[in-house]
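Fold and geometry: a report
Here are the chains, one letter per residue:
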Amino acid sequence: MSEHPDNHEAVDSIPERIAKLEGRLDTADKSWTATIGQWMALLALIVSITVGGFQVYENIVLKQREERAADRRTLADHIRRITELNSRITSTYFSTKDDWATQSLAKTLNAEKVSILRLADDLVSKRSDMTNFAISFTLSVEHFQLGNTGRAQEYAKQALSSAATNAERVEAQRIVAQTLFAPGKGQDVRAARAMFGRALDSVRRMETFLKSGLLANVYTDWILSEAAFGDCERAKASWDDFRKAVQGEYNDARTVKVTRMQLNAMLGAPARCPTF
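Now for a quick tour of the structure.

A few points about the overall build of the chain
Secondary structure assignment for the chain yields nine helices and zero strands. Starting at the N terminus, the α and β elements of the chain follow one another as α-α-α-α-α-α-α-α-α. The contacts of the chain with a sequence gap of at least 6 include a subset with a gap of at least 24, amounting to 60%. Carbon and sulfur atoms make up 56% of the accessible area of the chain, which totals about 17500 Å².

So, the pattern of salt bridges
For the structure shown, the criterion picks out 13 salt bridges. Between R81 and E112 there is a salt bridge, with its nearest N and O atoms 2.9 Å apart. Highlighted residues: R81 in helix 1 (residues 5-95) and E112 in helix 2 (residues 99-126), separated in sequence by 31 residues. Connected via shared salt-bridge partners are R81, E84 and E112.

Concerning unusual backbone geometry
The backbone of N251 shows a phi angle near 60°, a positive value even though the residue is not glycine. Looking at where N251 falls in the secondary structure, it is placed in the loop between helix 8 (232-246) and helix 9 (252-267). Classification of N251 as partly exposed rests on a relative accessible area of 40%.

Section: the side chain of T149
Assignment of secondary structure puts T149 in helix 4 (residues 149-162). Among all residues touching T149, those that are not within four sequence positions of it are T179, A182 and P183.

Definitions and limits used
- Residues numbered from 1 in each chain as written.
- Predicted model: local features only at pLDDT ≥ 70, side-chain atom pairs only at ≥ 80, totals over all residues.
- Heavy atoms only, no water.
- Helix = DSSP H or I, 4+ residues; strand = E, 2+ residues; numbered from the N terminus.
- Contact = heavy atoms within 4.5 Å.
- Areas by Shrake-Rupley, 256 points an atom, 1.4 Å probe, with all protein chains shown as cover.
- Salt bridge = Lys/Arg side-chain N within 4 Å of Asp/Glu carboxyl O.
- Buried < 20%, exposed > 50% of the residue type's maximum accessible area, 1.4 Å probe, protein only.

Below is the structure:
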């Protein structure tokens, strides 16, 4: 008896269907494995990029920040040391009458200050963004005392531009004025007197117990500048103005006394302008 065509098709299709299924499974398995492999490769690439990026960040950004922080600490230490040396020199001057001992100590400490000042200058040149009022002010004063008027004027102007309070602004103005008074390429006596005047105007408008001290600072520098490089009569007139200006202010009598002592100590008895 002959087989029905439908039965023959049914029998023949079973192996074919199994083969096709195995093929599909094999293909699906290979496809899934490849997909996983691709994802793993992508993940490895992302990790590699992330790690590499962090290494670049660590080596460049973080390292630069650490170096900058270290330089900032070093510069602050230089300024602190200069202040300590100045304090020691001043204390020795007023605590002993032995001029030889005072001068010998001052020579030694000033030599150290010159060395520190050079190191501070190098750091500021390397990282100009690290300067602030205190740093610029201190370096200006030190350079002025060493006769480096041009450098002192640069630092004084930096201090003025970075002043954050009225008191800082007044202190910076008097330092700028002082450098303008000194002989040399940048000397401008008229501008110096105008700057001293602006500083005094600022102090007069202030309401603070520091007022008498600020007046003393400005007038002292103005008087010394006039006596040394300007007009002796103007210096004497400024002294009279100072005594009137501080009258009635906090601790006025002591302020006048200390200022007179300071002027006498710094001026001595120059022939062109007698001691106050």
